[in-house]
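# What the coordinates show
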Number of protein chains: 2
Amino acid sequence: MPVEELERQYAALQGANLKLDLTRGKPAAAQLDLSDELDGILNGDFTAEDGTDVRNYGNLRGIPEARQLGAELLDVAPEDVMAGGNASLTLMFYVLDAAMHYGILHRPWRDAGPAKAICPVPGYDRHFTLTDSFGMAPVTVAMQDDGPDMDAVERLVQDDPTVRCIWCVPKHSNPTGCTYSPEVVERIARLPKLAAPGFLVLWDNAYAVHDFESPAVELTPILPLARAAGTADAIAMFASTSKITHAGSGVAFVGGGAELLDALERRFSAFMIGPDKVNQLRHARLLSGRLAEHMHSHAVSVQPKFEAVQAGLEQGLGGTGLATWTRPRGGYFVSLDTQPGLAKEVVGLAADAGVVLTPAGATFPGGKDPDDRNIRIAPTFATLDEVVAAIDVLALCIRLASARKSTEAA
Amino acid sequence: MPVEELERQYAALQGANLKLDLTRGKPAAAQLDLSDELDGILNGDFTAEDGTDVRNYGNLRGIPEARQLGAELLDVAPEDVMAGGNASLTLMFYVLDAAMHYGILHRPWRDAGPAKAICPVPGYDRHFTLTDSFGMAPVTVAMQDDGPDMDAVERLVQDDPTVRCIWCVPKHSNPTGCTYSPEVVERIARLPKLAAPGFLVLWDNAYAVHDFESPAVELTPILPLARAAGTADAIAMFASTSKITHAGSGVAFVGGGAELLDALERRFSAFMIGPDKVNQLRHARLLSGRLAEHMHSHAVSVQPKFEAVQAGLEQGLGGTGLATWTRPRGGYFVSLDTQPGLAKEVVGLAADAGVVLTPAGATFPGGKDPDDRNIRIAPTFATLDEVVAAIDVLALCIRLASARKSTEAA
């Protein structure tokens, strides 16, 4: 299609007053509805299974049934998990804060000068922001279909003792949707042995049970491998119910080796009396024994939107060679790559046509995609009709930006 | 009474198999019952007054009606408050963490070497633990009936630029129960002007509405005075619903000047997406327009226990000169001073007779009371009968320890 025709179609879109938003991995209202019975579920019974009155202070590790829920998410035993407050991101902050300034089973990272964090890219912007907030320099490695480029990762930790941690979203990764292969998981489990003492694997299993296609993708459990390798206390695992129940009003979990959890509890005791155990009990009552069923209800809501993304991209861009994109079986995102140098322009064009996308570059540390090609698509929050409409706009914007570039080059 | 008779009475007590606990400022079950309707109070309506769907992510400052509740507690306007998660202690940690390592509107404290914190004593052990966890040295000043010894405080901040903050529990102070006088509040409002840049007043108004005698004690509002003095951004105010609704499952608040809140929000955005807004809405729905009535119900439960403490101490120790104690009109504690050098022994004697008290020294940094005389009495969690029994034991233990000492000296 000639560029003039694309410009014409785009101009028509601009007049259509669209207002579509595919920016964030937020659940849709219909998904939130699935958990509305949380409020009132306790029915006057505030006693945990160990007899704790959850309405009073205390219990830094969380109540047993909440730890059981965390264990189910992280595929570990309940004693390998602490159940905390409403945000795994905040638990990650606590872990990094402890490691940086006070030391977790080792000297504080900051004692040995500026610290670095390995960031597979494209990745999750909030991991990068958190890293940056500690003054840590990001070191990027390529995210491949089976996880991070482990040759590069292993070289980095062996060559540079100031490389202190690696960010991992091991299942339905943000944003590519890939799941780490058994070999990658195994190599990550051994990674702390290659690294300087105090190295941490930050294992953010945010989409542990968030499959929307059946059968569910299997992630190789890392903790048994880490135990075998003697690295369990260097694996900090995270999960939460944020995309299971009400986002931001759920329960977050941190897991790992016994000494790691002991050290974290000691540190946490300086600034916490205990988590919101009432909310923990609510979540256990809602999800115990029916997590799979509950997540299936999410999948019913989410899957059509992801199918619409695939269909729209295929229809608008299939066979053109103008973009590649991932086909996740779970999680919250599709990762799309334009031709180099076009992502910013595409996101800008889409915005001007009323379709807000995650800013180009957001999937890279500092918001800087060196190839300016990656775009994260987050289809869950919008309605199905909005997703269909937004993807059509996105495809057109990619075709237009590509055509403009070819025209300029010609 | 001769020491032998006291020893005989004490030995009889030891055989009575008492098991009483006056250690912590925890609400009793009957107090927690007052808020059980929190669970289910939303009745399917998850929309905040500004239209926010509280079930989804976002809103770092909290929903308007929660900020209104925080404003009521802190005696400020809603725009002077952020509504956070379940623990004011954790908000204090965030503020100190930001000030120490990253700087709040000023250079990080740590950049200028070891930092010190002014700790009025006797005071709250968790403040001291938090201070210590940052490697900050405590500098103690005497807590008087009208607040901290302000002559000493002002000298300290003027003489030593590494004095970075002061801990204040301005109303029904922990543990003495005193409320700062208007003059003290006014001098504290001006304090940051005398101190090095970056100084913070940590204004932990934990017992803001926790009066159990009528009329309620009036605390002079500090923020207007601070605004007049140009120090509002150096006043970090804290409150929570922990002793209003369910302890540990409530909503905490941080307040202060506009630039302070902006700076905190910027920092918080690195590690938080938003607070538990569902729980914020629950609390607003429960307490809006009926906070005073709700706190009156607490008072009905709490006041008899405090009266029992006063009656028991008066009966067992009145006129003996062996102890002095405070007579709070609100809050959670009574502070008792034995003759010097006896607190540890008294607490030990009580424990051996089945009455657990807060460890002697806990009201001083590092757990070290230089005069070994202060004992904190926390009567709320026990039943009224238990309080009566425990105070009898405590009084006997004080008389016994005092008599033993006199005997040794003779």
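Report on the accompanying structure. (Residues numbered from 1 in each chain as written. Chains lettered and ligands numbered in written order. Predicted model: local features only at pLDDT ≥ 70, side-chain atom pairs only at ≥ 80, totals over all residues. Heavy atoms only, no water.)

Listed per partner, the contact involves 54 residues of chain B and 54 residues of chain A. Of the roughly 4,200 Å² buried between chain B and chain A, counting both surfaces, carbon and sulfur atoms make up 49%. Considering only the side of chain B, the residues that lose the most area to chain A are Asp39(B), Arg55(B) and Tyr57(B), jointly responsible for 18% of the buried surface there. Across the contact surface, chain B and chain A share 6 salt bridges. When the shortest N-O distance is used, the salt bridge between Arg55(A) and Asp36(B) registers 3.0 Å. Taken together, chain B and chain A are joined by 30 residue pairs in polar contact (both at pLDDT 80 or more). Looking at the side of chain B that touches chain A, the elements with two or more residues in it are α2 (29-33), α4 (88-102), α5 (125-133) and α10 (277-287) of chain B. In terms of residue count, the dominant contributor to the side of chain B that touches chain A is α4(B) (7 residues). (Contact = heavy atoms within 4.5 Å. Buried area = accessible area lost by both parts, 1.4 Å probe. Salt bridge = Lys/Arg side-chain N within 4 Å of Asp/Glu carboxyl O. Polar contact = N/O pair within 3.5 Å; in protein donor to acceptor, adjacent residues only side chain to side chain. Helix = DSSP H or I, 4+ residues; strand = E, 2+ residues; numbered from the N terminus.)

This next bit is on the relation of the copies chain B and chain A. Superposition of the two copies of the chain requires a rotation about an axis and a shift along the axis. Rotating chain B by 180° and moving it 0.0 Å along the rotation axis overlays it on chain A with an RMSD of 0.0 Å. What the superposition gives is, in effect, a two-fold axis relating one chain to the other. If distances are taken from each C-alpha of chain B to the rotation axis, the shortest is found for Gly40(B), at 1.7 Å. An overlap of 100% is found between the interface residues of chain B and their copies at the interface of chain A, pointing to a shared contact surface. (Least-squares fit on C-alpha atoms with pLDDT ≥ 70 in both.)

Residues and elements named next belong to chain A. The element strand β11 (residues 334-338) is extensively covered by neighbouring structure, given that 4 of its 5 residues are classed as buried. In this structure, strand β10 (residues 323-325) lies alongside β11, joined through 3 bridges in antiparallel fashion. Its bridge partner lying in β11, Thr324 is registered against Asp337. As paired strands, β11 and strand β13 (residues 374-377) are joined by 4 bridges and run antiparallel to one another. From the neighbouring strand, Val334 faces β13, where its bridge partner is Ile377. (Buried < 20%, exposed > 50% of the residue type's maximum accessible area, 1.4 Å probe, protein only. Pairing = 2+ DSSP bridges.)

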